[in-house]
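# Structural overview
Spelled out from the first residue to the last, the chains are:
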Amino acid sequence: MANFSPKINLGPGPNWKLDGWESLDHSTVTPPFRLRAQAWSLPYPDASFEVVFTSNMIEHISQFKIEEVICEINRILKPGGIARIIAPDLRKFATAYVNNDWEEMKKLRPVAFGWPGGVVGKSDLGLGQVFMNEICSAGMDNFLLSSDYSTIYAGYAHVYAYDFEMLAGLLKYYGFSEIRRCRIDESDIQEHKELTEREYDLHADSSLIVECRKERFVPFSPEKALLHTGPYNIKNLTPIPYSPIWLSLKFIGHVRVIYLYIRSKTPASVLRPFTKMLNRENKTEE
């Protein structure tokens, strides 16, 4: 028998907790400084959970891995189990951009206009900049390397986006049924308002909210993937083990994991002054 709760929250942050719920976050580090898991390789047996919830996670995952994530969500769900997925709504952002609707964009992406917590985003170059910074945002979840692995060009948080048709199509393809778009306050999950660290409706204006149920399991196959656009073999790009490039990337990875571990063990009251200082510096630069 499994010794964990029958419901799981994927990507809630390392400190989120709720009675009756398991949680797994990519920044969760366990000694000796190892990441616990990634969303495309979940450390749970088949049919372990009745409910899987994830909010503002899938947009951080490349289109080359997201289908594996959906397959893993399906695999760990029991037949008839519920999945609830929340992510930025591509159609809402694209509509605001095409209509040159500044007021709507301010509702969708307030971080670009001086919110929250003093964080100042970028809107100097117009709505196109705000729109693209939502689709591809700065962060430390993904890194863009030069073709010879010698240079890190950028670090990203968001790397992809979905409208309802895209996400519903992927869910149906990988064995889900009863797929429906929900309001932020509408759910078959009783505790849905308690599943994020911030207010549950904080991103109501900008979110795509989808619920569905597992009908059958469909294994992932690269040859039959919907989002792969050609013969793109990532294995061919992997550095030779123990080469200087391989060792450098491993070193960078270990430094990041140690940083995440220290951050997860540091009280928020200690981190807060450093966060405020960085926010002031960002304002000064602008």
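It should be emphasised that the depicted structure is a prediction, and the values quoted were computed from it without experimental measurement.

Attention shifts here to the pattern of salt bridges. For the coordinates displayed, the defined rule picks out 19 salt bridges. The salt bridge partner of R181 is D89, with a shortest N-O separation of 2.1 Å. Residue R181 is located in strand β9 (residues 176–181), and its partner D89 is located in the loop between β6 (77–88) and α2 (90–98); the two are separated by 92 residues in the primary sequence. It is possible to trace a salt-bridge network through shared partners that takes in R84, E178, R180, R183, D185, E186, D188, E211 and R213.

Moving on, we get to a nonpolar patch on the surface. On the surface, M140, F143 and I152 cluster together into a nonpolar patch covering about 260 Å² of accessible area. Its location among the elements puts M140 in strand β7 (residues 138–145).

Our focus in this paragraph is the pairing of strand β1 (residues 7–10). Residues K7 and N9 of β1 are buried on one face, and the alternating residues I8 and L10, pointing to the opposite face, are buried as well. For β1 and strand β5 (residues 49–55), the ladder comprises four bridges, and the chain directions are parallel. Considered in β5, the bridge of N9 is made with F53. Where β1 meets strand β2 (residues 22–24), three bridges bridge the pair, whose relative direction is parallel. Residue pairing across strands places I8 opposite E22, the latter belonging to β2.

Looking at the secondary structure, you find R75 in helix α1 (residues 66–76). Residue classification places R75 among the buried positions, given a relative accessible area of 14%. A polar atom in the side chain of R75 sits 2.7 Å from the backbone oxygen of Y44. If sequence neighbours within four positions are ignored, R75 has contacts with L42, Y44, P45, D46, A47, K214 and F217.

We now examine the sheet that holds β6. Here six strands make up an open sheet; going across it, the order is β2-β1-β5-β6-β10-β9 and the pairing mixed. On the outer flanks of this sheet lie β2 and β9, each paired with one strand and no other. Across the sheet, the axes of successive neighbouring strands diverge by a mean angle of 15°, strand direction being ignored. With respect to the sheet, α1 is in contact with β1, β5, β6, β9 and β10 (207–214), its orientation differing from that of β6 by roughly 145°.

The set of residues buried in helix α5 (residues 164–173) consists of L167, A168, L170 and L171. The buried residues of α5 occupy an angular sector of 160° when projected down its axis, which confines them to one face. Exposed residues on α5 whose side chains face more than 90 degrees from its buried face are E165 and K172. Where α5 is buried, its residues touch α1, β6, β9 and β10.

Analysis parameters
Residues numbered from 1 in each chain as written. Predicted model: local features only at pLDDT ≥ 70, side-chain atom pairs only at ≥ 80, totals over all residues. Heavy atoms only, no water. Salt bridge = Lys/Arg side-chain N within 4 Å of Asp/Glu carboxyl O. Helix = DSSP H or I, 4+ residues; strand = E, 2+ residues; numbered from the N terminus. Patch = residues over 30% accessible without salt bridge, like charges linked within 9 Å, V, L, I, M, F, W, Y side chains within 5 Å. Areas by Shrake-Rupley, 256 points an atom, 1.4 Å probe, with all protein chains shown as cover. Buried < 20%, exposed > 50% of the residue type's maximum accessible area, 1.4 Å probe, protein only. Pairing = 2+ DSSP bridges. Polar contact = N/O pair within 3.5 Å; in protein donor to acceptor, adjacent residues only side chain to side chain. Contact = heavy atoms within 4.5 Å. Axes fitted to C-alpha atoms, helices over the stretch in contact; angles between N-to-C directions. Arc of directions from axis to C-beta.

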